[in-house]
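Next come the chains, spelled out residue by residue.
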Amino acid sequence: MSNATLGLIWAFSFVILEAAQAVFFGSAFQDYDSFLIGAAVFGFTAVGALTWTAVRSADELRIAWNNGAALFGLNLSTAFVWVAYFFALQMIEPAVVFTIFSGLIPVVVLIAWAIGVPEASPLRNRTEGTGLLVVVIGIFYLAAITILGQSGFVRGDWTVALVGVLLTCMSGASLAAMMIYSQRLNRLGVSPVAQYGLRFPLYVAVALIGVTLGLDAKGTVDLGGMVIVVLIGFVIMAFPVFAMQKAISLMSTLTLAAITALGPLFVFLFQIIEGRVDYAPATMAGLMIYFAGAIIAAYGGAKRGDRSALEA
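The rules we used
- Residues numbered from 1 in each chain as written.
- Predicted model: local features only at pLDDT ≥ 70, side-chain atom pairs only at ≥ 80, totals over all residues.
- Heavy atoms only, no water.
- Axes fitted to C-alpha atoms, helices over the stretch in contact; angles between N-to-C directions.
- Helix = DSSP H or I, 4+ residues; strand = E, 2+ residues; numbered from the N terminus.
- Parallel < 35°, antiparallel > 145°, perpendicular 65-115°, else oblique.
- Left-handed = near helix turned anticlockwise from the far one by under 90°.
- Nonpolar A, V, L, I, M, F, W, Y, C, P; charged D, E, K, R; others polar.
- Patch = residues over 30% accessible without salt bridge, like charges linked within 9 Å, V, L, I, M, F, W, Y side chains within 5 Å.
- Areas by Shrake-Rupley, 256 points an atom, 1.4 Å probe, with all protein chains shown as cover.
- Salt bridge = Lys/Arg side-chain N within 4 Å of Asp/Glu carboxyl O.
- Buried < 20%, exposed > 50% of the residue type's maximum accessible area, 1.4 Å probe, protein only.
- pLDDT = per-residue confidence, 0-100.
- Contact = heavy atoms within 4.5 Å.

**Q** Which parts of the structure should I look at to understand the packing of helix α5 (residues 68–89) against helix α8 (residues 158–187)?
**A** The axes of two packed helices give the description: the angle between them and the distance between them. One way to put it is that α5 packs onto α8 with a least axis distance of 8 Å and a crossing angle of 155°. Relative to α8, α5 is oriented roughly antiparallel. For the element pair α5 and α8, the recorded crossing hand is left-handed. In terms of residue class, the contact of α5 with α8 is built from 16 nonpolar, eight polar and one charged.

Now the structure itself:
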């Protein structure tokens, strides 16, 4: 099986599992402190990944340590993704947050390529470019209706909506940065397993601060339920993140970003299966625009046949 095919399998594994987690398991996590769940799931799995790496290929840890700027960038971008995303969810409609967040990732990768970041990648073909243009139109539309108060939910006035949109944009840009730093470390010889373990120390520290401050406290914690949720989290939270890490090592940054942009579409499809699709009309219109662009962009990113695709 070629690297391109393996990359697609890992990329779609990430997208589908993330969407399934959001739809089918989201309610199971709402009764617990999200910072506590995140710290436990990613803390334990990161320690496991680092231990595995130290035993089998300690040189990778030394390479990462000797490239401190990339390592710090990987940690900072990882931590900021989830902190900004969490606060955005408290301010504006979750569907809008997830869609703008997902769509901005390939856009930021393209901007990074345009300014000369070597780990970013250019458009593979016109199909991908057309799809991303439609995605951008969908993002601007969703941002506009949110700020104008036409979406399904805003916790406050237009200034709260604006802050929520800006936090969402910063979260998406941070995930694109994380992909770029991962590509850099991958080219230096740091494997996906090592990178998984190395990217979470700062996030875990921030999450524990969030637990201490009670930013998402849910009252008395049912220890038995907490253990079950953490065990579920190993599968539906940690494994998808590792799947993305594997995909980064096997495909171009922009292609992965374009496939990642399909996440909101899979959430929508799973919600249809579950039978609880309920969006404001303006939000639904924006989602339809976005879905059309995401499908076109992902098709363009995955197909082969022109010279630029082979070079990417």
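**Q** What is the right way to look at a nonpolar patch on the surface in this model?
**A** On the surface, F80, W158, L162, L166 and M170 cluster together into a nonpolar patch covering about 470 Å² of accessible area. In terms of residue count, α8 provides more of the nonpolar patch than any other element does, four residues in total. Tracing the sequence through the fold places F80 in helix α5. Note on F80: relative accessible area 35%, which makes it partly exposed.

**Q** Just to check I follow, could you spell out the side chain of S174 for this structure?
**A** Inspection of the secondary structure assignment puts S174 in helix α8. Overall, the relative accessible area of 11% leaves S174 in the buried class.

**Q** Looking at this structure, how should I read the confidence of the model for the chain?
**A** Predicted coordinates in regions of low pLDDT should not be interpreted in detail. Mean pLDDT over the chain works out to 90, with 96% of the residues at or above the 70 mark. Note that residues 305–312 has pLDDT below 50 and, in this model, 11 contacts with residues that lie over four places away or in other chains.

**Q** I keep staring at the pattern of salt bridges and nothing clicks. Help me out?
**A** Note on pairing: side chains with opposite charge can pair once their charged atoms come close. Applying the stated criterion across every chain yields a total of three salt bridges. Close ionic contact of D59 with R62 constitutes a salt bridge, the shortest N to O distance being 2.2 Å. Pair noted here: D59 and R62 are both in helix α4 (residues 58–66), with a separation of three residues, about one helical turn.

**Q** Would you mind going over the packing of α8 against helix α11 (residues 223–248) with me for this structure?
**A** It is at 9 Å that the axes of α8 and α11 come closest, and there the two elements cross at 55°. Our classification of the angle between α8 and α11 gives oblique. In this structure, α8 meets α11 at a crossing whose hand is right-handed. The residues of α11 that touch α8, namely those facing L175, M178, M179, S182 and Q183, are M244, Q245 and I248. Tallied by class, residues from the contact of α8 with α11 come to five nonpolar, three polar and no charged.

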